[in-house]
Amino acid sequence: MQIVKCKESDKENSIKYLLTQDNKEIGHGYIFAREINPIEIYIIEEMRSNGYGKLLFTKLLQIAYDSGRVNLVFDIELQNYRMNNILSSLGAQHIGTNDEKNRWVIPV
Amino acid sequence: MNKTVEEFLEKNNIDYPALQQEGRLKVKSASDVNYIIARNRIFKNSYKKTRISIADILGYEYKSQGLTGQDFIYNMSNFFDIEGSGYQARSISMLEYSTDEIVDKLKPSFSREPMKIIEADKGGKYVIGDNGLHRYHVLKAHFLKEMFALSLDDKEGYNALKEKYTFDVSLSELDFTKTYSSYILKKIANFKGESIPYFSAELDQDYNYTGKLKITTSEPENELVLNDEQLIKFVQDRFNEYINDKSISSHKKQDDLSLIMANYEMFDSFREYCDKNLPELVRLKDKEDVCRS
């Protein structure tokens with residue numbers, strides 16, 4: 001399993017990373033410069049529910065911390081079960097529910 | 001229903017049609033239990049170590065799994081399928097245990113990796129947060145099978161059964177004062193056509209809850225950080241200000257408040273909050289008179 005930093009990103013103000021295995025893409029993620037939702041991930045549908053999302057997110061979290069980011073805040077839609085679960089499993093603190101979204105804070 | 005689940009039911013003599021007929025198979029999401037809380041929740045403790053019975057775990061967020069809340073045994077096919085994906089095949093071994101064995105076999109997993117549970121309302125009402133859906137389905141099936149075998153008036157037997165199926169969990173515990181206060185304040189802002197404030201629990205430098213609520217408006221420099229006493233006073237002041245606002249017609253106030261009053265009737269915990277903290281709302285409800293202007 002590899003996480004590879006892309007030379008370019010298709011999303012503004014972000015760095016893109018690919019999650020691959022045997023040269024096959026499993027998913028990708030982005031680290032943004034913004035304060036809320038600084039990390040986004042996407043796992044190919046048939047590869048979901050195997051822990052890849054959490055793996056990729058954790059790696060990107062570490063990259064963000066290593067680059068000096070602190071107090072990462074995420075607003076996740078209530079129905080986004082997978083992302084809410086990833087954050088909860090990493091020990092994030094739920095601090096509020098507003099506009100049909102959970103707000104999480106992940107400490108360093 | 002797939003073959004894996006069919007075989008599980010057959011092997012354990014779980015009378016699926018009888019359970020269906022008894023209406024015992026419904027699954028509830030947090031919104032089904034109490035939608036006010038689900039949409040406005042503030043916790044006072046996110047990872048409290050405690051023990052909860054399977055009997056009191058009412059369900060999970062079935063919609064986000066692409067499922068319905070009609071029948072949790074039917075839903076088991078989403079979680080257990082020997083011919084399915086990794087997620088569906090990885091916990092098949094749980095289905096091998098008999099009713100006599102299941103609790104002892106799964107108990108160690110609860111210490112190692114507790115189920116994550118969310119308090120959905122007062123009175124012992126919980127839903128699964130993350131982690132624990134496979135165990136929940138299997139244990140609930142066995143629990144219901146044993147409960148169905150008890151006679152209806154066997155309270156002692158039921159309590160013993162509940163205790164038998166009680167496990168270590170990690171609980172997100174609700175702060176009802178902050179949750180309902182934020183609901184009321186959002187509603188008032190909405191009634192008055194104002195921008196809706198943002199409510200969040202304050203954290204200390206160790207990322208623990210301080211017990212205070214942060215209220216952030218469109219003017220961040222006017223952010224409020226209130227303890228519960230200050231928060232209740234703030235809610236009462238805003239509510240009374242709204243009721244006494246002569247620029248709002250009594251007809252509009254009546255319409256606005258009718259939803260809050262309907263929720264007062266529907267949810268015991270909300271009624272408790274209002275009785276304690278919003279006597280003016282209760283008075284209006286009793287008199288059905290919102291005309292002060």
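This structure is a prediction, so every number in the text was calculated from the model and none was measured.

A.B. asks: Could you clarify how one ought to interpret the pattern of salt bridges in this entry?
C.D. replies: Charged atoms that come close allow side chains of opposite charge to pair. Residues and elements named next belong to chain B. Scanning the model with the defined rule gives 24 salt bridges over all chains in all. Two residues, Glu22 and Arg24, come together in a salt bridge whose shortest N-O distance is 3.2 Å. Since its relative accessible area comes to 26%, Arg24 is described here as partly exposed. The salt bridge involving Arg271 is made with Asp268; its shortest N-O contact spans 2.6 Å.

A.B. asks: Honestly, the sheet that holds strand E4 (residues 125–128) of chain B in this entry has me stumped. Any pointers?
C.D. replies: Residue and element names in this part refer to chain B. Here five strands make up an open sheet; going across it, the order is E1-E5-E3-E4-E2 and the pairing mixed. Edge positions in the sheet fall to strand E1 (43–53) and strand E2 (57–59), since each has one partner strand and no second. Geometrically, the sheet is characterised by an average inter-axis angle of 40° between neighbouring strands, direction not taken into account. As paired elements, strand E3 (residues 115–121) and strand E5 (residues 166–174) share four bridges and run parallel to each other. Paired with Met115 across the two strands is Val169, which belongs to E5.

A.B. asks: In this structure, what is going on with the domain arrangement of chain B? I would like to understand it.
C.D. replies: Quite often, the size of an interface is put as the accessible area lost when its parts meet. Residue and element names in this part refer to chain B. Looking at the assigned domains, one finds that chain B contains domain 1 (3–174) and domain 2 (176–287). Computed from C-alpha coordinates alone, the two centres of domain 1 and domain 2 are separated by 34 Å. The interface is formed by 17 residues belonging to domain 1 together with 18 residues belonging to domain 2. Regarding the contact of domain 1 and domain 2, the summed buried area is about 1400 Å², with carbon and sulfur atoms giving 63% of it. Contact with domain 2 buries surface across domain 1, with Ile36, Ile42 and Lys122 losing the most and accounting together for 43% of the total. Linking domain 1 with domain 2 are one salt bridge, by the criterion used here. As a salt-bridge pair, Lys122 and Glu272 come within 2.6 Å of each other at their nearest N and O atoms. At the junction of domain 1 with domain 2, the criterion picks out seven residue pairs in polar contact (both at pLDDT 80 or more). Listing elements by their share of the side of domain 1 that touches domain 2, those giving two or more residues are helix H4 (35–40), E1 and E3. No other element matches the five residues that H4 contributes to the side of domain 1 that touches domain 2. Its residues assigned to classes, the side of domain 1 that touches domain 2 comprises seven nonpolar, four polar and six charged.

A.B. asks: What is the right way to read the sheet that holds strand E5 (residues 72–77) of chain A from this model?
C.D. replies: Where strands meet in a sheet, backbone hydrogen bonds hold them as pairs that are either parallel or antiparallel. All names here are of chain A. Here three strands make up an open sheet; going across it, the order is E5-E7-E6 and the pairing antiparallel. Two strands lie at the open edges of the sheet, namely E5 and strand E6 (93–98), each paired on one side alone. Within this sheet the neighbouring strands show an average axis-to-axis angle of 25°, counted without direction. In this sheet, strand E7 (residues 101–106) lies alongside E6 in antiparallel orientation, the contact comprising five bridges. Each bridged residue has a counterpart across the sheet, and for Gly96 the counterpart in E7 is Arg103.

Rules used throughout
Residues numbered from 1 in each chain as written. Chains lettered and ligands numbered in written order. Predicted model: local features only at pLDDT ≥ 70, side-chain atom pairs only at ≥ 80, totals over all residues. Heavy atoms only, no water. Salt bridge = Lys/Arg side-chain N within 4 Å of Asp/Glu carboxyl O. Buried < 20%, exposed > 50% of the residue type's maximum accessible area, 1.4 Å probe, protein only. Pairing = 2+ DSSP bridges. Helix = DSSP H or I, 4+ residues; strand = E, 2+ residues; numbered from the N terminus. Axes fitted to C-alpha atoms, helices over the stretch in contact; angles between N-to-C directions. Domains from an automatic or database assignment. Contact = heavy atoms within 4.5 Å. Buried area = accessible area lost by both parts, 1.4 Å probe. Polar contact = N/O pair within 3.5 Å; in protein donor to acceptor, adjacent residues only side chain to side chain. Nonpolar A, V, L, I, M, F, W, Y, C, P; charged D, E, K, R; others polar.

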